[in-house]
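Report on the structure
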Amino acid sequence: MLARADNELLTRVGPGTPMGNLLRRFWQPFALAWELPGANCDPIRVRLLGEDLVAFRDSHGSIVRAAALVLPRDIPWNEGAAEALLARV
């Protein structure tokens, strides 16, 4: 049985934690390419290692993975708004 401190060390994976830092050194797949069918498709949202992420295809069909963005309600994803906002970051 693990001590409480050891359990906390091994199970906390958020940003800045020892285990989170270790796991971020390795590739963490969270989606398959076919899940993003075409340019300007709906994004895939996922929480991975305590961080909110999105994946989508830009207007050229390239897959983009980024920290989750909060878009204004009047800007739909399918008009390239995410690309424009990412360009500003």
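In this text, all values refer to a predicted model and were calculated from it rather than measured experimentally.

Turning to the layout of surface pockets, a few remarks are in order. Taken as a whole, the largest pocket encloses approximately 160 Å³ of empty space. Grouping the amino acids of the lining of the largest pocket by side-chain chemistry returns 6 nonpolar, 1 polar and 3 charged.

Glancing now at the sheet that holds strand E3 (residues 63-67). Overall, antiparallel pairing links the 3 strands, which are arranged E1-E2-E3 in an open sheet. In the strand order of this sheet, the two ends are held by strand E1 (44-48) and E3, each with one partner. This sheet shows a mean twist of 25 degrees between the axes of neighbouring strands, independent of strand direction. Here 5 bridges tie strand E2 (residues 51-57) to E3, and the two strands are oriented antiparallel to one another. When the bridges of E3 are listed, Ala55 appears paired with Arg65.

Right, let's talk about the pattern of salt bridges for a bit. A pair can form between side chains of opposite charge whenever their charged atoms are brought close. Under the criterion given, the structure shown has 3 salt bridges. Across the pair Arg12 and Glu8 runs a salt bridge, and its minimum N-O distance is 2.8 Å. Take Arg12: its relative accessible area is 46%, and that puts it in the partly exposed class. A relative accessible area of 30% places Glu8 in the partly exposed class. Across the pair Asp52 and Arg47 runs a salt bridge whose closest N-O atoms are separated by 2.8 Å. Residue classification places Asp52 among the partly exposed positions, given a relative accessible area of 42%.

Positionally, Arg65 belongs in strand E3. Between the C-alpha atoms of Arg65 and Leu53, which are 12 residues apart in sequence, the distance is 7.1 Å. Apart from the residues within four sequence positions on either side, Arg65 is in contact with Phe30, Leu53, Val54 and Ala55.

We now examine unusual backbone geometry. Of note, Asn40 is a non-glycine position whose phi angle comes to about 60 degrees, a positive value. Tracing the sequence through the fold places Asn40 in the loop between helix H2 (18-23) and E1. For Leu49, which is not glycine, the phi torsion reads 55 degrees and is therefore positive. Note that Leu49 resides in the loop between E1 and E2.

For the rest of this paragraph, the subject is the side chain of Arg57. If you trace the backbone, Arg57 turns up in strand E2. With no salt bridge to any partner, buried Arg57 finds its closest opposite charge in Asp58, at an N-O distance of 7.5 Å. A distance of 3.2 Å separates the side chain of Arg57 from the backbone oxygen of Ala33, its partner in a polar contact. If near-sequence neighbours (up to four positions away) are discounted, Arg57 is found in contact with Ala33, Leu36, Pro37, Gly38, Ala39, Asn40, Cys41, Ser62 and Ile63.

Rules of the game
- Residues numbered from 1 in each chain as written.
- Predicted model: local features only at pLDDT ≥ 70, side-chain atom pairs only at ≥ 80, totals over all residues.
- Heavy atoms only, no water.
- 1 Å grid on protein atoms, 1.4 Å probe; cavity = no way out; pocket = protein on both sides within 12 Å on 5 of 7 lines; lining within 4 Å.
- Points joined across faces, edges and corners; volume = space filled by probe spheres on them.
- Nonpolar A, V, L, I, M, F, W, Y, C, P; charged D, E, K, R; others polar.
- Pairing = 2+ DSSP bridges.
- Helix = DSSP H or I, 4+ residues; strand = E, 2+ residues; numbered from the N terminus.
- Axes fitted to C-alpha atoms, helices over the stretch in contact; angles between N-to-C directions.
- Salt bridge = Lys/Arg side-chain N within 4 Å of Asp/Glu carboxyl O.
- Buried < 20%, exposed > 50% of the residue type's maximum accessible area, 1.4 Å probe, protein only.
- Contact = heavy atoms within 4.5 Å.
- Lys, Arg positive; Asp, Glu negative; His and termini not counted.
- Polar contact = N/O pair within 3.5 Å; in protein donor to acceptor, adjacent residues only side chain to side chain.

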